[in-house]
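# Structural overview for review
Okay, here's what each chain looks like letter by letter:
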Amino acid sequence: MRLKDKAILITGSYTGIGRAIAKQSIKEGAKVVLNGLREELGQELLREFDKDKATHLTIDITEEDAPEKLVKKAISTFGKLDAVVNNAAIVASSNLDTTTVPYLERMLAVNTIAPFAIIQAALPFLEQSKGNVVNIGSINSWSGEPNLLAYSISKGALMTLSRNLGDTLFRENGVRINQINPGWILTEHEFINQREQGKPDDWHKTLPDVFAPAKRLFKPEELAMAAIYLMSDESGPISGQVIEVEQFPIIGRNPPK
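This write-up is about the structure you can find in this document. All values derive from a computational prediction rather than experimental measurement.

### Quick look at helix 4 (residues 101-129)
- Helix length check: helix 4 (29 residues) gives 39 Å between terminal C-alpha atoms against 42 Å at 1.5 Å per residue, within 8%.
- Remark: the principal bend of helix 4, roughly 55 degrees, maps to Leu123, with a proline, Pro124, within the next four residues.
- Following helix 4 by one or two positions, Lys130 has its phi on the positive side, about 50 degrees.

What follows is the structure, encoded as structure tokens:
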């Protein structure tokens, strides 16, 4: 088991990608602190695990004392903290015309500033364990789609944070920081999002090759395996890196015919 006895904090882990990472982490021998916004979902997930393998804290990560509370939960329950997965995020559409300053500020607060604050709060304990952080970004970090302006800005800032701290913290504190940039992932939220746009329930089965050369989208469980690798000792001294989990090149892609 690649994460045997490691204590891991995973934000936004009641659903989607975070849930998949939590489940796989426990399969790999870890103990996890789950986090999300809906208490009933946290309780439901908690029932799937042995009591000594998981705990949870339902809290908005942008609350002033949320980072300290999340880290304290890990230390008080498991006595240490080996890894943090900053997964919680707002994923929502906006463009130049529809992005107000308060909207952008909220997007940055959740997707960029809260992960920064959690790293700050966790650092003393990650330094003790020579632990690591995995930030979940997006391929939109590089530029982004026209209707994902605010989201792309926030994930681009997160990517710079990951590279910057991945260098400085590893040199100074022995703590590795890396980022995963997922492509299009088939999560519960994505089904809801597409349904709200008027798409049929089987929309994901008829995607054009430009979006899905593999004829399908990624499963959350596939993304989770990349996180497991970066949190494990198998990844060695890898730090300050961004791993693209996508089925086509992000830069230098051949234009579709």
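### Description of the pattern of salt bridges
- By the definition in use, this model includes 12 salt bridges.
- Across the pair Glu40 and Arg38 runs a salt bridge whose closest N-O atoms are separated by 2.8 Å.
- Note on Arg38: relative accessible area 47%, which makes it partly exposed.
- Residues Asp65 and Lys69 are paired through a salt bridge, measuring 3.2 Å at the closest nitrogen-oxygen approach.

### Notes on the environment of Thr11
- Summarising the element assignment, Thr11 is placed in the loop between strand 1 (7-10) and helix 1 (16-27).
- When the C-alpha atoms of Thr11 and Glu127 are compared, they prove to be 20 Å apart, with 116 residues separating the residues in sequence.
- Sequence-distant contacts of Thr11, that is, excluding residues within four places in its chain, are made with Asn35, Ile61, Leu70, Val85, Asn86, Asn87, Ala88 and Ile118.
- At a separation of 2.9 Å, a polar atom in the side chain of Thr11 contacts the main-chain amide nitrogen of Asn87.
- One polar contact links the side chain of Thr11 to the main-chain amide nitrogen of Ala88, over a distance of 3.0 Å.

### Regarding unusual backbone geometry
- For Asp5, which is not glycine, the phi torsion reads 65 degrees and is therefore positive.
- Of note, Asp5 is situated in the segment before strand 1.
- You can call Asp5 partly exposed: its relative accessible area is 41%.
- Despite not being glycine, Lys130 shows a phi value in the positive range, around 50 degrees.
- As for its placement among the helices and strands, Lys130 is situated in the loop between helix 4 and strand 5 (132-136).
- The exposure class of Lys130 is exposed, given its relative accessible area of 55%.

### Some thoughts on the side chain of His56
- Structurally, His56 is set in strand 3 (residues 54-58).
- Only 3.0 Å separates the side chain of His56 from the side chain of Glu39, close enough to count as a polar contact.
- Not counting residues within four places of it along the chain, the set of residues in contact with His56 comprises Tyr14, Leu34, Glu39, Gly42, Gln43, Leu46 and Lys73.

### Quick word on helix 2 (residues 39-46)
- Along helix 2, the residues classified as buried are Leu41, Gly42 and Leu45. For helix 2, the arc enclosing every buried residue in end-on projection is 100 degrees, short of the 170-degree limit, so these residues lie on one face.
- Turning to helix 2, the residues buried within the fold contact helix 1, strand 2 (31-36) and strand 3.

Cut-offs and rules
Residues numbered from 1 in each chain as written. Predicted model: local features only at pLDDT ≥ 70, side-chain atom pairs only at ≥ 80, totals over all residues. Heavy atoms only, no water. Helix = DSSP H or I, 4+ residues; strand = E, 2+ residues; numbered from the N terminus. Expected span 1.5 Å × (residues − 1). Bend = angle between axes of the 7 residues up to and from the residue. Salt bridge = Lys/Arg side-chain N within 4 Å of Asp/Glu carboxyl O. Buried < 20%, exposed > 50% of the residue type's maximum accessible area, 1.4 Å probe, protein only. Contact = heavy atoms within 4.5 Å. Polar contact = N/O pair within 3.5 Å; in protein donor to acceptor, adjacent residues only side chain to side chain. Arc of directions from axis to C-beta.

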